Structure formats: structure tokens, C-alpha cells
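Observations on chain architecture
Letter by letter, the chains look like this.
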Amino acid sequence: MTMKRLRDAVVAGARGLYLTIFALVGSIVLFVFSVLSIAFILLGIGVFTTPAVLTGVRKYADAYRGLAGAWSGVTVPAAYRPFPADLRSGVTGQVERCSLMLKDPATWRDLQWLLVNMTAAPIVAVFAPALVLYMVYGWVLALGVWEPIYNAGGGEWFAFIHVTSQSTANQAALLGMGFFVLSLFVNPALVRGHFLLARACLSPTAHMRERELAQRVDRLTETRHDAVDNSAAELRRIERDLHDGAQARLVAMGMDLGTIEAMIETNPAKAKELIGKARQNSGEALTELRDLVRGIHPPVLAERGLGDAVKALALRLPTATEVDVDLPGRAEAPVESAAYFAVSESLTNAIKHSGADRIWVDMHHADGMLRIAVTDNGKGGAVAGAGSGLSGIERRLGTFDGVLAVSSPAGGPTMVTMEIPCELS
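Keep in mind the model is a prediction, meaning the values are calculated, not measured.

Thoughts on the overall build of the protein
If you tally the helices and strands in the protein, you get 12 helices and seven strands. When each of the 425 residues of the protein is scored for burial, the buried share is 37%. Excluding contacts between residues fewer than 6 apart, the proportion of contacts in the protein whose partners are at least 24 apart in sequence is 69%. Total accessible area on the protein stands at roughly 23,100 Å², and carbon and sulfur atoms take up 63% of it.

Observations concerning the side chain of Ser 27
Note on placement: Ser 27 falls in helix 1 (residues 2-39). Separated by 3.2 Å, the side chains of Ser 27 and Tyr 60 make a polar contact. In this view, Ser 27 contacts Phe 22, Tyr 60, Leu 114, Asn 117 and Met 118; residues no more than four positions away in its chain are not counted.

Focus: the packing of helix 10 (residues 306-315) against helix 11 (residues 333-354)
Across the interface, helix 10 lies against helix 11 with an axial gap of 10 Å and an inter-helix angle of 25 degrees. With respect to each other, helix 10 and helix 11 are oriented roughly parallel. Where helix 10 crosses over helix 11, the two elements pack in a sense that is right-handed. Contact with helix 10, carried on its side by Leu 306, Ala 309, Val 310 and Leu 313, involves Glu 336, Ala 339, Tyr 340, Val 343, Ser 344 and Leu 347 of helix 11 and no other residues of that element.

With respect to the UniProt feature "transmembrane region" (unreviewed entry) in the protein
Sequence positions flagged by UniProt for "transmembrane region" (unreviewed entry) are, in local numbering, residues 12-32, 38-57, 113-137 and 172-190. Annotated as residues 113-137, this span is 92% helix and 0% strand, and its ends, taken at the C-alpha atoms, are 33 Å apart.

Structural notes on the side chain of His 365
Here His 365 shows up in strand 4 (residues 358-366). Here Cys 422 takes part through its backbone oxygen, which lies 2.9 Å from a polar atom of the side chain of His 365. Setting aside residues no more than four positions away along its own chain, His 365 makes contact with Asp 326, Leu 327, Leu 370, Cys 422, Glu 423 and Leu 424.

Considering the confidence of the model for the protein
Here the protein averages 81 in pLDDT, and 82% of its residues register 70 or above. The lowest-confidence element of the protein is helix 7 (residues 206-263), averaging 64 in pLDDT; the highest-confidence one is helix 4 (residues 105-117), averaging 92.

Let's talk about the nonpolar core
A general trend in soluble globular proteins is that nonpolar side chains are found buried together. By size, the foremost hydrophobic cluster in this structure holds 35 residues, and its most contacted members are Leu 19, Tyr 64, Trp 113, Leu 114, Phe 158, Val 163 and Phe 195. At the level of secondary structure, the elements contributing two or more residues to this core comprise helix 1, helix 2 (46-72), helix 4, helix 5 (120-153), strand 2 (161-163) and helix 6 (166-202). Considering every element that reaches this core, the biggest residue donor is helix 6, with 10 residues. In this structure Phe 158 touches Tyr 134, Tyr 137, Gly 138, Leu 141, Val 163, Ala 172, Leu 175, Gly 176 and Phe 179, once residues within four positions along its chain are discounted. Val 310, Tyr 340, Phe 341 and Leu 390 belong to the second-largest nonpolar core, a separate cluster that totals 29 residues.

Things to note about the pairing of strand 6 (residues 403-407)
Taking every second residue as pointing to the same face, the buried face of strand 6 carries Leu 404 and Val 406, while none of Val 403, Ala 405 and Ser 407 on the other face is buried. Bridging between strand 6 and strand 7 (residues 414-421) involves five bridges; their strand directions are antiparallel. Following the sheet pairing, Val 406 is matched in strand 7 by Val 416. Taken together, strand 6 and the strand that follows it, strand 7, pair antiparallel across an intervening segment of six residues, in which Gly 411 is found at a positive phi of about 95 degrees.

Some details on the pairing of strand 4
Residues Ile 359, Val 361, Met 363 and His 365 point to one face of strand 4 and are all buried, whereas Arg 358, Trp 360, Asp 362, His 364 and Ala 366, pointing to the other face, are not buried. Bridge count between strand 3 (residues 320-326) and strand 4: seven bridges; the pairing is parallel. Among the inter-strand pairings, Asp 326 is bridged to a residue of strand 4, identified as His 364. Since strand 3 and strand 4 lie parallel, the crossover through helix 11 that links them has a hand, and here it is left-handed. Direction of pairing for strand 4 relative to strand 5 (residues 369-376): antiparallel, over a ladder of eight bridges. Bridge pairing in strand 5 places Val 361 opposite Val 374.

Considerations on the pattern of salt bridges
By the definition in use, this model includes seven salt bridges. Linking Asp 62 and Arg 65 is a salt bridge whose minimum nitrogen-to-oxygen distance equals 2.7 Å. Highlighted residues: Asp 62 and Arg 65, both in helix 2, separated by three residues, approximately one helical turn. Judged by relative accessible area, which is 35%, Asp 62 ranks as partly exposed. The class of Arg 65 is buried, set by a relative accessible area of 11%. Taking the shortest distance from any N to any O, the salt bridge between Glu 322 and Arg 358 comes out at 2.3 Å.

Some words on the packing of aromatic side chains
Applying the stated criterion to the full structure yields 10 aromatic pairs. Measuring from ring centre to ring centre gives 5.9 Å for Tyr 18 and Trp 71, while their planes differ by 70 degrees; the resulting arrangement is edge-to-face. Of this pair, Tyr 18 sits in helix 1 while Trp 71 is found in helix 2, placing the two residues 53 residues apart along the sequence.

So, the sheet that holds strand 4
Whenever strands of a sheet pair, they do so through backbone hydrogen bonds, lying parallel or antiparallel. The strand order across the open sheet formed by five strands is 3-4-5-7-6, and the pairing between neighbours is mixed. Edge positions in the sheet fall to strand 3 and strand 6, since each has one partner strand and no second. Mean inter-strand twist for the sheet, computed between neighbouring axes without regard to direction, equals 10 degrees. As paired strands, strand 5 and strand 7 are joined by eight bridges and run antiparallel to one another. Bridge pairing links Thr 375 to Met 415 in strand 7. Its contacts with the sheet place helix 10 against strand 3, strand 4 and strand 5, and it is angled at close to 175 degrees to strand 3. Docked against the sheet, helix 11 engages strand 3, strand 4, strand 5 and strand 7, running at close to 10 degrees with respect to strand 5.

Criteria and cut-off values
- Residues numbered from 1 in each chain as written.
- Predicted model: local features only at pLDDT ≥ 70, side-chain atom pairs only at ≥ 80, totals over all residues.
- Heavy atoms only, no water.
- Helix = DSSP H or I, 4+ residues; strand = E, 2+ residues; numbered from the N terminus.
- Buried < 20%, exposed > 50% of the residue type's maximum accessible area, 1.4 Å probe, protein only.
- Contact = heavy atoms within 4.5 Å.
- Areas by Shrake-Rupley, 256 points an atom, 1.4 Å probe, with all protein chains shown as cover.
- Polar contact = N/O pair within 3.5 Å; in protein donor to acceptor, adjacent residues only side chain to side chain.
- Axes fitted to C-alpha atoms, helices over the stretch in contact; angles between N-to-C directions.
- Parallel < 35°, antiparallel > 145°, perpendicular 65-115°, else oblique.
- Left-handed = near helix turned anticlockwise from the far one by under 90°.
- UniProt positions renumbered as here; feature names shortened; annotations may be inferred.
- pLDDT = per-residue confidence, 0-100.
- Core = buried A, V, L, I, M, F, W, Y, C linked by side-chain atoms within 4.5 Å.
- Pairing = 2+ DSSP bridges.
- Right-handed = clockwise from strand over helix to strand, strands pointing away.
- Salt bridge = Lys/Arg side-chain N within 4 Å of Asp/Glu carboxyl O.
- Phe/Tyr/Trp six-rings, centres within 6.5 Å; stacked < 30°, edge-to-face > 60°.

Printed below as a string of C-alpha cells:
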């Protein structure tokens with residue numbers, strides 16, 4: 001137990017030293033750049049520099065979040081608003097990105113945290129290495145180093161002890177030992193306190209959480225309506241396909257069988273011809289029914305899961321398609337179905353509109369999120385807007401609180417990224 005406490009204290013001291021330097025250097029540089037960049041918006045320059053600087057601030061804050069969880073078990077939530085899927089590129093898109101980032105309350109919490117992180121937070125963190133290093137310095141003074149320091153400048157202050165003799169140097173060594181014993185009990189708490197201070201600054205307030213929760217409820221209500229509309233449209237499509245396809249063929253086949261029954265004795269040759277036609281109609285009706293069932297829920301999806309279903313889909317495409325799957329389990333059936341048809345629609349869009357000769361599909365699961373990227377080497381220019389196929393994908397994913405992002409500069413390549421929160425079993 002004593003060795004563990006000793007190890008934890010020394011490790012916390014090293015981490016506290018790292019955090020002190022990391023907090024001071026990173027926070028001062030990013031805070032100054034952020035203030036200058038926002039001020040330069042009035043000159044027009046800041047519109048282009050501010051998104052890059054604030055993105056750097058977010059990455060810095062995310063790095064802190066990772067350290068907080070790994071070193072002290074402190075969870076610091078990230079509540080950045082996602083960018084819209086149809087965010088444009090070029091100058092117009094840069095202005096819009098700058099505006100969206102400045103309107104995000106999380107941006108101003110980041111800047112407030114930078115101010116705290118370069119003033120109060122390092123003071124908390126620096127105590128952890130100081131309590132350990134003061135013991136070393138106390139013994140250095142007691143071993144005789146106090147004397148040349150005294151001769152050169154009249155003594156050295158060690159905390160509240162003025163070291164001017166061997167006796168006071170010994171007192172400094174004893175006090176340093178006391179500091180070290182204290183570090184055994186408080187160093188991990190000091191590092192944790194440093195991260196708790198960051199969480200207090202970066203976490204949204206209760207009012208903000210209520211507002212974000214209301215926005216989430218509104219979004220879920222909207223996506224529920226979309227899901228109901230999509231289900232009704234899908235039901236109408238199935239009814240139409242049955243009426244115009246398989247049902248019509250089965251009716252024709254029944255009429256042919258009635259004619260065959262009447263002609264089988266009087267005109268066997270004609271009856272034989274009609275039997276062949278009826279057999280053909282039955283085969284075509286069966287094919288259409290199979291296609292219809294596959295359109296509702298592909299059998300391979302139910303039997304072998306999302307990865308194999310997408311691989312089977314890729315084999316039927318006219319464009320060379322590579323599928324990379326890293327899924328250690330299976331998601332719930334509704335999520336798999338939504339992801340499958342979202343990928344199917346993305347591939348259809350790529351084949352119809354991109355002019356690509358290669359397509360790549362990457363599927364993996366990490367951090368409770370199913371992430372799918374569909375990339376093609378086509379001409380680019382895809383936009384998720386009203387009436388486009390990408391909007392339909394976005395509505396489908398929104399039913400499961402998923403998001404869609406599209407990167408498609410002119411000249412390509414185009415990357416459609418989909419994320420759906422889910423757990424694998």
C-alpha cells in the first residue's frame with residue numbers, strides 16, 4: 001500500500017509538472033491567437049483565420065479531455081454543435097463556418113477556460129511537483145549547498161525558513177520531508193482538482209443543457225415525423241410494386257391457366273404454348289417478389305449482418321467497389337437496416353452522378369458510434385440539399401440520431417460520412 005501511494009504521488013507530481021507547462025504554453029498562445037483573430041474579423045482577415053484558430057482550440061480542449069479521463073477519471077463533456085451536412089466550400093463556406101463557430105456557446109466556454117487555464121489552473125497543478133521537488137531541494141541545502149548560497153547573497157528562503165546556517169538547512173530538509181509526506185496524500189487530488197476546474201469551465205450550464213435538450217427533443221420529433229412519412233411512402237411503394245408487378249403477372253397466369261383448361265382437349269398445341277407462357281409469368285412473378293422482399297429487408301442482412309450485406313451489394317455494382325469492414329459484433333436490426341439502405345443510396349448516387357470508376361466503403365465501430373464512409377474518385381460537386389438523395393439519407397439516419405457529412409469539392413473526390421450511435425452485441 002505504501003509503495004503504491006509513493007508511486008502514485010511521484011507519477012502525479014510528474015503529471016502536475018507536465019500539466020503546468022502544457023496549460024501555460026498552450027493556453028497563452030491559443031488565447032492570444034483567438035483574441036487577435038476575432039478582432040481581425042473587422043478587417044476581413046479574421047473570417048479566414050478564426051475557424052482555423054478555434055479548431056486548434058477545440059483540439060487542445062479535446063486533448064485535455066483525454067488526459068482528464070486517462071489520468072484522473074474525470075469526464076469533461078464536449079458539447080460542440082455539429083456543422084450542417086450541406087456546409088459549402090470556398091469563401092462562402094468559410095464565412096458560414098466562422099459564423100457558426102462564433103454562435104456556438106461551447107466556443108466561448110473554451111475561451112473562458114483558456115483564461116482560467118493560464119492563471120488559476122497551473123497554480124493547482126504546480127503544487128504536485130513542488131511538494132516532491134522541495135524535499136530534494138531541502139536535502140541539497142542540508143548537504144552543504146546552503147553555505148555558498150549564503151556567502152554569495154545572504155541566505156536562501158525555503159518556504160518560511162531563512163536558511164543561513166547548517167541548523168536552518170537541516171530544518172529545511174525536515175520541512176521538505178514533511179512536504180513529501182503530504183504529497184503522498186494530496187498529489188493525485190491536486191491533479192484531479194486541476195481537471196475538475198477544467199470541467200467546471202468547459203461543461204455547459206444547467207440552462208444550456210436544458211436548451212440543448214429541448215433542441216434534441218425538437219430534432220427527435222422532426223425525425224420521428226420523417227420516419228412515419230418514410231414508412232408510409234415505403235408502404236405505398238410496396239403496394240404499387242405488388243399491384244403493377246407480381247399481382248398483374250399472377251392474374252395473367254390465372255387467365256392463361258383458364259384458357260389452357262378450355263383448350264387442352266380441342267387445341268393441345270396452343271395449350272402447350274400457353275403453358276410455356278404461364279411458366280414464364282410464374283418465374284418473372286417469383287423474381288419480382290424476391291426483388292421486392294430484398295428491397296424491404298435483404299435476407300443476407302438478416303442472416304449474416306451489415307458487413308456481409310454491403311459486400312454482397314458491392315458485388316452487384318457495375319463500378320469497382322472495395323469494402324473494408326471492422327465490426328466486432330452486430331447492431332440492432334433497425335440500425336443495420338437503416339445503415340444498409342443509407343450505404344445503398346450513397347452507392348447509387350455515386351454510380352449515377354459522380355462518373356467515378358472506383359468506390360471505397362469503410363465501416364467500423366468505435367466509441368459507441370457506427371461510422372461509415374463512402375468515397376468515390378468522381379467529379380465531385382455533391383451537395384446535401386432539399387430534394388437530393390443525400391437529404392433522404394440524412395432523414396433516414398436522423399431517425400436514429402445519426403448524422404451525415406459530405407465532402408465533395410469540385411473535381412472530387414467525394415466522401416459521404418455517416419455516423420449512427422449504437423452498441424454492438
